[in-house]
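These are the residues of each chain, in order.
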Amino acid sequence: MANVRLQSITKYFGMLQALNQVSFSIDDGEFFVLLGPSGAGKTTTLRVIAGLERQDSGSVLFDDQPVDRLAPPLRDVAFVFQQYSLYPTMSVYDNLAFPLRAPLRRIPESEIKARVTYVAEILRISHLLDRKTARLSGGEMQRVSIGRAIVRNPRIFLMDEPLSNLDFKLREALRVELKHLQKTQNSTILFVTHDQIEALTMADRIAVLSQGRIVQIGTPNEIYDHPATIFVAQLVGTPRINLLPASCVNGCIHVDGSLISLPVDVTGGMLLPTRFYVGLRPEDVQPVPDGPFAGEVILIEPLGVETVIHIKSVEQTIVSTVPGMTLLRRGDIVRFTLARERLHMFGEDGKRIVAGHDGPQAVNRGG
C-alpha cells in the first residue's frame, strides 16, 4: 500500500476548469472519501491519480515520489467504476483472474488460483466462481468488480461511486462489508461519492469538493459538527440543517421573521457582524413542555426510528427531529428549545465565523 499526495492539481477541459489547485494527502491504510455534488471534479481527480488524465499543473506523489511521468499500468492502482466493467461471457473465476494473467505480470497459474480463491472467500462469492457474470445480480456483480481490484493487491484503490447503482438495502450491506474489508486488509482507499451517508459512515477522513476546489478536509465528526461553510453544512446531514438569517441588536441575536431571540453570550466569545446566518441541526431543536420558544406544527414526517417535525415561527419554518414516533399533530402549538452550545454561525460570505481577538474570522479547513 502507499500514501498518496496531491499538490496543487489544476486541470482544464478546453475553457472549463475542472480542478483548481486541489491539494490533499491520503495516509497509508486510510479510507479517504471525496464528497461533492455532480460536476464537482471528483471523477477527474481519480483519473488524474490513475494517470488516465494528465493535469495541467501540480503533481501526484506516491510515497513522496512523483508519478506524473508514469503510465497508468506502472502506477499500480486499481480502479473500481460505477459500472461493473466485467466480461459477461467469462466466469466469475476468469473475471477475477483476468488482471493477474497480463503478460507483464508472469504470475503462475497456481498463485492466480490461490489469490482468486482467497478473494472469493472474503467477498463471499466462492459459490459463484463457475457462474457467468451475465447471470449475476447487481450486488454480486459489484462484489466481483471489487474482487478484481483486490486480487491485484495494488498500492491504492480508487473507487468511483461503486455503490450508486444498487438498491438501498444492498448499498447498506456493502458499505459495512467494504469498510470491514478495508480495515482487515489495511488497504488504502480513495472513495468518491455524492452520498453524504456513505461519506459519514465509511470515511476515516473526508474532503469536500465544490466546483473543482477543496472546501474542507476533516474527520466525519469535524465535517458534521464544524462545517467550514454553508455549502458544507447543507451538504452533510439529513434532514438538512436549518439555516436562518439573523442580526445582532442590543446584545441579542434575532432570527429574522420569527420570535426567536438569544443572548449574544451563546456565541462563546464570537464577535458577530450585523448580518449573518444561524445554523441549527434538526436534532438540536427539541420540543419540550417548558421550552422558551413556541410555534405551530405544520408538517409531521414519521420515519419509524425518528420523526421529522416542521415548526412555523411567524415566517420561519424550523425542522426538528425526535426519536421514534410522536403524539404531536399538524396544527398543534408546540414549545421547543435550542441546543445553544451547538449553534453554527456563518457570515454573509458563507464562511463559518469563529472566535477571534480581532473580530469574526472564517474557517477553511481545505488544503
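Check the entry above for the structure.
Since the model is a prediction, treat every value here as computed from it, not as a measurement. (Residues numbered from 1 in each chain as written. Predicted model: local features only at pLDDT ≥ 70, side-chain atom pairs only at ≥ 80, totals over all residues. Heavy atoms only, no water.)

## Some remarks on the state of the cysteines
Test applied: Disulfides are defined as pairs of cysteine sulfur atoms found within 2.5 Å of each other. Exposure classes here rest on a 1.4 Å probe applied to the protein chains alone. A residue is buried below 20% of its type maximum, exposed above 50%, and partly exposed in between.
The tally for this structure, following the rule as stated, stands at zero disulfides. Considering cysteine sulfurs only, C252 is the nearest to C248, which forms no disulfide, with 7.9 Å between them. Overall, the relative accessible area of 25% leaves C248 in the partly exposed class.

## A look at the pattern of salt bridges
What counts, and what does not: Salt-bridge detection follows one rule: a side-chain nitrogen of Lys or Arg within 4 Å of a carboxyl oxygen of Asp or Glu. Elements are defined by DSSP. Helices are runs of H or I of four residues or more, strands are runs of E of two residues or more, and each kind is numbered from the N terminus.
A full pass over the atoms with the stated rule returns 16 salt bridges. E53 serves as the salt-bridge partner of R47, at 3.3 Å between the closest nitrogen and oxygen. For R47, a relative accessible area of 27% gives the class partly exposed. Among the salt bridges present, the one from R124 reaches E177, with a minimum N-O distance of 2.0 Å. Note that R124 is positioned in the loop between α4 (109–122) and α5 (138–150) and E177 in helix α6 (residues 168–185), a separation of 53 residues in sequence. Among the residues examined, R124 registers a relative accessible area of 54% and is labelled exposed. Here the salt bridges share partners, and the residues they tie into one network are K11, R47 and E53.

## Topic: the packing of α5 against α6
Worth spelling out the cut-off: To get an axis, fit a line to the C-alpha atoms, keeping to the stretch in contact for a helix; angles then go from 0 to 180 degrees between the N-to-C directions. An angle below 35 degrees is treated as roughly parallel, one above 145 as roughly antiparallel, one from 65 to 115 as roughly perpendicular, and anything else as oblique. Crossing handedness is read from the near helix: turned anticlockwise from the far helix by less than a right angle, it gives a left-handed crossing, and turned clockwise, a right-handed one. Should any heavy atoms of two residues lie within 4.5 Å, those residues are counted as being in contact.
For the pair α5 and α6, the least separation of the axes is 11 Å and the interaxial angle reads 20°. The angle between the axes of α5 and α6 places the two elements in the roughly parallel class. Handedness of the crossing formed by α5 with α6: right-handed. Of α6, the residues touching α5 (which contributes G138, G139, Q142, R143, I146 and I150) are L170, L174, E177, L178 and L181.

## Side note on the sheet that holds strand β2 (residues 16–26)
Put simply, the rule reads: A pair of strands is considered paired only if DSSP assigns at least 2 bridges between the two.
One open sheet accounts for four strands, arranged β2-β1-β4-β5; its pairing is antiparallel. Edge strands, defined here as strands with exactly one partner in the open sheet, are β2 and β5 (65–66). Bridge analysis of strand β1 (residues 4–13) against β2 gives seven bridges, and the strand direction is antiparallel. Looking at the pairing, V4 lines up with I26 of β2.

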